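Descriptive analysis of the structure
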Amino acid sequence: MTTLLEPLRLERRAPQEPANPRVLHDWLLIVGLVAFYAALQSAFVHHPILSDQMHYLVDANTLPDISFPPHHGLRIGLTIPVWLFVQLFGYSEAAYYAVPYLTMAGLIIAVYWVGRLIDSRAAGVISAVLVVANPYVLDDASQLLPDLPAAALMTGAVALLLWQWKRVPRPTRIDRTDRIVLVGVGLLLGWSYLVREFIVLWFPVVALIAVVLRLPRSWWRLIAAGTGAAFAFELLWGLIFFGNPFARIWAALHQPASEAWRVAQRTELIAAGDIPNTHVGMLTAMPRNVVEADAGWILALLFVVLVVAALVIRSPNLRLLAVWTVMPIVLLTLVIQFAWLFDNRILRAEKLRYWLPVVPPLVVGGVVAVLSLARWLGGDTGRRVGIGVAAAIALVSLGLTGAHLDEEPGFTRTGNNQFLELREWLATSGQTCNILWIDDDQWRASSRWVPMYVRTFWGRPIWQGELRSLNTGDDFRDISELETGALLRSRIALRRRNLEGLATPDYLQDPPSSWRVLLATNRDVVRVLGVGGSTCARP
């Protein structure tokens, strides 16, 4: 194995690393990059989406109790941090957005350091900008989902391992700091699995890096100890709270792909051409979706440049980045194909967020490839030209990303502000209502998001009334019981109940004409109606 990997041997010093680098300068650049991300993200923020995103907040709020389907709540690498923020801010937007924003900050730091350690500060800065200036990443960056956190943790583990390797001239001697760092690498890897189980398909890359760097056995053992601790934590969690140490693995392997509503939904999506229905279609789904997007061709270009440079230039850095990018793509594709053999289509190839962990090494690899090719062709002058070209690519990507996302209606600023409209009404005219009736016990039920908007962003109550449930499961209150107050009617919840074939009372499907409309939000997604003898005021 060692002989086969000989061409991948890395140098301890990056090719363009200054003789006496000042770490303070690196961290000042990182602060600027994170501030750049925060400013850009503020323009493109999704409201909490009533799907998997809210499911993680609901389960985090009730840990260790979880709802159905169980695999979401058992991703404790995500739900435990969210639970901590719920303890700080209550059931609020702050608790929902904290992990996504911190994830992107962590990903920016990790990407910068990988580019910096492998090549230069220029590579680190441009790579970090390209990660942020990417519609696939930025579209997910304000959503509470596991894919980006897993990618950030994985990239952070590699960055930390590279940093440790470069800072220790004699790896056979291990002091306390070394032990902490190496166990930390393992914990990052293990926690990434606790966030998103199929991130283990990236673990062979880390093992390959460990071989390439000729890490001593003592380092392997410490990394394995950190990873094993995370796995042991999951087994202990499952045993204590569910009586099954393998509860997470069981839930991940038994997702209900055959539910009637899933089959109906999949049939509609296949008919519309939105998802593939053949093995060949699955193989082309991801590259086709990437290339067809406004800024997707930039990722495709970086991929081609990386592969070509890795073949043309005998650079161990480029070859390592190419393997880090290509190997997981192949492994994940094989896993999806294998799942399809058993007609399990939960893991769908066209869902680009499943491929997000590929983006960090692809972007760093593409940038390093551009700089390396330029230097290979024109020396130091060529490298300076390469930096200009890579920076120009980043600026073009930024412009395309902004234009692409600005056309999407899914952000608060661009039209999906119904939840904020409800909060504004509750803080003003809603003060005349002492009861708000909401539906419950369903994946997109109003009870999942309304409690967030009777509070400010940071969780301070703004409405003193009482939330009451319209139903327990399919058992809804009779209309005669709705004597006073206001009723919230959500088209999102109604569509989901209809899709699942669940019972819905007539007064939700077609409210009585005597019920006054107190609030109709943008695109009429949410209506608040005065019921019975309600004295609630209009805005």
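Going by the structure above, here's the rest.
Described in the following lines is the structure provided in the data block. (Residues numbered from 1 in each chain as written. Predicted model: local features only at pLDDT ≥ 70, side-chain atom pairs only at ≥ 80, totals over all residues. Heavy atoms only, no water.)

**As for the packing of aromatic side chains**
Going through the model one piece at a time under the given rule, you end up with 18 aromatic pairs. Of the aromatic side chains, those joined through ring pairs into one cluster are Tyr37, Phe85, Phe89, Tyr96, Tyr97, Tyr101, Phe457 and Trp458. A cation over an aromatic ring shows up here: arginine 248 above the ring of tyrosine 193, its NZ or CZ 4.6 Å from the ring centre. (Phe/Tyr/Trp six-rings, centres within 6.5 Å; stacked < 30°, edge-to-face > 60°. Lys NZ or Arg CZ within 6 Å of the ring centre and 35° of its normal.)

**So, the sheet that holds strand β5 (residues 486-490)**
If you walk across this open sheet you meet the 5 strands as β2-β1-β5-β7-β6, and the pairing is mixed. The open sheet has two free edges, formed respectively by β2 (466-469) and β6 (516-520), since each of these has just one partner strand. Neighbour to neighbour, the strand axes of the sheet diverge by 30 degrees on average, direction disregarded. Relative to strand β7 (residues 526-530), β5 runs antiparallel, the two sharing 5 bridges. Note that in β7 the partner of leucine 488 across the bridge is valine 528. (Pairing = 2+ DSSP bridges. Helix = DSSP H or I, 4+ residues; strand = E, 2+ residues; numbered from the N terminus. Axes fitted to C-alpha atoms, helices over the stretch in contact; angles between N-to-C directions.)

**Remarks on the nonpolar core**
In terms of nonpolar packing, the biggest core is built from 144 residues, with Leu57 and Trp449 touching the most fellow members. Setting aside its immediate chain neighbours within four residues, tryptophan 449 contacts Leu50, Met54, Phe419, Leu422, Leu488 and Val526. Core analysis: the next-biggest nonpolar cluster, separate from the first, contains 12 residues, Ile435, Leu482, Leu494 and Trp515 among them. (Core = buried A, V, L, I, M, F, W, Y, C linked by side-chain atoms within 4.5 Å. Buried < 20%, exposed > 50% of the residue type's maximum accessible area, 1.4 Å probe, protein only. Contact = heavy atoms within 4.5 Å.)

**Regarding the state of the cysteines**
All told, the structure shown has 1 disulfide when counted by the stated rule. Linked covalently through their sulfurs, cysteine 433 and cysteine 536 form a disulfide whose S-S length is 1.8 Å. Of this pair, cysteine 433 sits in the loop between α18 (418-427) and β1 (435-438) while cysteine 536 sits in the segment after β7; the two residues are 103 residues apart in sequence, bridging distant segments of the chain. (Disulfide = S-S within 2.5 Å.)

**Focus on the packing of helix α4 (residues 76-89) against helix α5 (residues 93-118)**
Orientation of α4 relative to α5, taken along the N-to-C sense of each, is 130 degrees, at an axis distance of 8 Å. Considering their axes alone, α4 and α5 lie oblique with respect to each other. For the pair α4 and α5, the crossing hand works out as right-handed. Of α5, the residues touching α4 (which contributes Leu78, Pro81, Val82, Phe85, Val86 and Phe89) are Ala94, Ala95, Ala98, Val99 and Leu102. Of the residues assigned to the contact of α4 with α5, the class counts are 11 nonpolar, no polar and no charged. (Parallel < 35°, antiparallel > 145°, perpendicular 65-115°, else oblique. Left-handed = near helix turned anticlockwise from the far one by under 90°. Nonpolar A, V, L, I, M, F, W, Y, C, P; charged D, E, K, R; others polar.)

**Here's the deal with the packing of α4 against helix α9 (residues 176-195)**
When two helices pack together, their arrangement is given by the angle between the helix axes and the distance between those axes. Two numbers describe how α4 lies on α9: the axes approach to 6 Å, and their chain directions differ by 90 degrees. It follows that α4 is roughly perpendicular to α9 by the angle criterion. Each of Ile76, Gly77, Leu78 and Pro81 in α4 lies in contact with α9, whose residues at this interface are Trp191, Leu194 and Val195. Classifying every residue of the contact of α4 with α9 gives 6 nonpolar, 1 polar and no charged.

**Considerations on a nonpolar patch on the surface**
A cluster of nonpolar side chains, Phe303, Val304, Val308, Leu311, Val312, Val326, Val330, Leu334, Trp376 and Leu377, forms an exposed patch at the surface whose accessible area comes to about 960 Å². At the level of secondary structure, the elements contributing two or more residues to the nonpolar patch comprise α15 (296-312), α16 (316-341) and α17 (359-406). For tryptophan 376, the location among the structural elements is in helix α17. (Patch = residues over 30% accessible without salt bridge, like charges linked within 9 Å, V, L, I, M, F, W, Y side chains within 5 Å. Areas by Shrake-Rupley, 256 points an atom, 1.4 Å probe, with all protein chains shown as cover. Salt bridge = Lys/Arg side-chain N within 4 Å of Asp/Glu carboxyl O.)

**Some remarks on the pattern of salt bridges**
The full count for this structure, using the stated rule, is 17 salt bridges. Aspartate 178 is the salt-bridge partner of arginine 167, the closest N and O atoms lying 2.8 Å from each other. Note that arginine 167 is positioned in helix α8 (residues 147-167) and aspartate 178 in helix α9, a separation of 11 residues in sequence. Residue glutamate 197 is joined to arginine 248 by a salt bridge in which the shortest nitrogen-to-oxygen separation is 2.9 Å. Here glutamate 197 is found in the loop between α9 and α10 (203-212), whereas its partner arginine 248 is found in helix α12 (residues 247-253), with 51 residues between them in sequence. Given the relative accessible area of 15%, glutamate 197 is considered buried. What emerges from the salt-bridge pattern is a single network uniting Asp52, Arg75, Asp147, Arg196, Glu197, Glu234, Arg248 and Arg353.

**Comments concerning the side chain of histidine 55**
In this fold, histidine 55 is placed in helix α2 (residues 52-61). In contact with histidine 55, other than residues within four places in its own chain, are Ser67, Phe68, Pro69, His72, Trp443 and Arg448.

**Regarding the pairing of β5**
With respect to burial, β5 is a largely interior element, 5 of its 5 residues being buried. The two faces of β5 match: Ala486, Leu488 and Ser490 on one face and Leu487 and Arg489 on the other face are all buried. Strand direction decides the pairing type here: β1 and β5, joined by 2 bridges, are parallel. When the sheet's bridge partners are listed, leucine 436 is paired in β5 with alanine 486.

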